[in-house]
Amino acid sequence: MIFRLPFNLPVNGITLLLIAFVSKDAPDTTPDHERIHIIQCLECGVVGFLPIYFYEYLKGRFSGMNHRAAYLNIRFEVDAFTWQGNPDDRPAYYWRSIS
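The structure contained in this document is the topic of the report that follows. Treat the numbers as computed from the prediction; the structure is a model and nothing was measured. (Residues numbered from 1 in each chain as written. Predicted model: local features only at pLDDT ≥ 70, side-chain atom pairs only at ≥ 80, totals over all residues. Heavy atoms only, no water.)

**Here's the deal with helix α4 (residues 75–83)**
Among all positions in α4, only Phe76, Glu77, Asp79, Ala80 and Trp83 are buried. Each buried residue of α4 sits inside an arc of 160 degrees when the element is viewed along its axis, so together they form one side. (Buried < 20%, exposed > 50% of the residue type's maximum accessible area, 1.4 Å probe, protein only. Helix = DSSP H or I, 4+ residues; strand = E, 2+ residues; numbered from the N terminus. Arc of directions from axis to C-beta.)

**Notes on the pattern of salt bridges**
Per the counting criterion, the structure on display carries five salt bridges. Residue Arg75 is joined to Glu56 by a salt bridge in which the shortest nitrogen-to-oxygen separation is 2.5 Å. Taken together, the residues span a long stretch of sequence, with Arg75 in helix α4 and Glu56 in helix α2 (residues 46–62) at a distance of 19 residues. (Salt bridge = Lys/Arg side-chain N within 4 Å of Asp/Glu carboxyl O.)

**Quick word on the pairing of strand β3 (residues 19–22)**
Of the two faces of β3, only one is covered, namely that formed by Ala20 and Val22; the face formed by Ile19 and Phe21 stays uncovered. Of the strand pairs in this sheet, strand β1 (residues 2–4) and β3 are connected by three bridges, and their pairing is parallel. Looking across to β3, one finds that Arg4 is bridged to Val22. Where strand β2 (residues 13–16) meets β3, four bridges bridge the pair, whose relative direction is antiparallel. Looking across to β3, one finds that Gly13 is bridged to Val22. Here β2 folds back onto β3 in antiparallel fashion, the turn holding two residues, of which Leu17 has a positive phi close to 60 degrees. (Pairing = 2+ DSSP bridges.)

**Section: the nonpolar core**
Counting residues in each nonpolar core, the largest one holds eight residues, listed as Cys41, Phe49, Tyr53, Tyr57, Ala70, Ile74, Phe76 and Trp95. Sort the elements by how many residues they give to this core and α2 lands first, with three residues. When neighbours within four sequence positions are excluded, Ala70 is seen to be in contact with Tyr57, Gly60, Arg61 and Met65. (Core = buried A, V, L, I, M, F, W, Y, C linked by side-chain atoms within 4.5 Å. Contact = heavy atoms within 4.5 Å.)

**Quick word on helix α1 (residues 30–44)**
Compared with the 21 Å implied by 1.5 Å per residue over 15 residues, the 21 Å span of α1 between its first and last C-alpha is a close match. Three or more residues of α1 are buried, namely Thr30, His33, Glu34, Ile36, His37, Ile38, Gln40, Cys41 and Glu43. Residues of α1 that are buried in the fold lie against β1, β2, β3, α2, α3 (67–73) and α4. At the exit of α1 stands Gly45, carrying a positive phi of roughly 85 degrees. (Expected span 1.5 Å × (residues − 1).)

**Some thoughts on the packing of aromatic side chains**
What describes a pair of aromatic rings is the distance from one ring centre to the other and the angle between the planes of the rings. Within the structure shown, the criterion is met by eight aromatic pairs. With a centroid separation of 5.5 Å and 85 degrees between ring planes, the pair formed by Trp83 and Tyr94 is classed as edge-to-face. You can see Trp83 sitting in helix α4 and its partner Tyr94 sitting in the segment after α4, a full 11 residues away along the chain. Judged by its relative accessible area of 24%, Tyr94 is partly exposed. An aromatic cluster is defined as three or more aromatic residues linked by ring pairs; in this entry it consists of Phe49, Tyr53, Phe54, Phe76 and Trp95. (Phe/Tyr/Trp six-rings, centres within 6.5 Å; stacked < 30°, edge-to-face > 60°.)

What follows is the structure, encoded as structure tokens:
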């Protein structure tokens with residue numbers, strides 16, 4: 001379930017488990033990006049998504065990456081940014097192919 005908010009968040013969008021919130025002025029691709037995160041949650045289990053996401057973010061930060069680089073290096077983000085323009089063509093479990 002995706003909700004476009006009547007106001008802006010500090011980010012374009014955020015997915016919390018199976019619900020996504022998109023900022024008022026976010027780019028048109030943001031709902032698809034967040035929809036991919038919802039699909040990822042279903043693919044790896046809601047309980048598995050968040051630990052993997054935060055582990056990969058922290059791994060990037062501790063390896064010396066800044067916030068933006070660590071965020072963009074998370075496999076779920078690579079997947080979502082890759083397919084946000086064509087989410088219906090995204091192969092299932094695509095995030096698993098990203099190292």
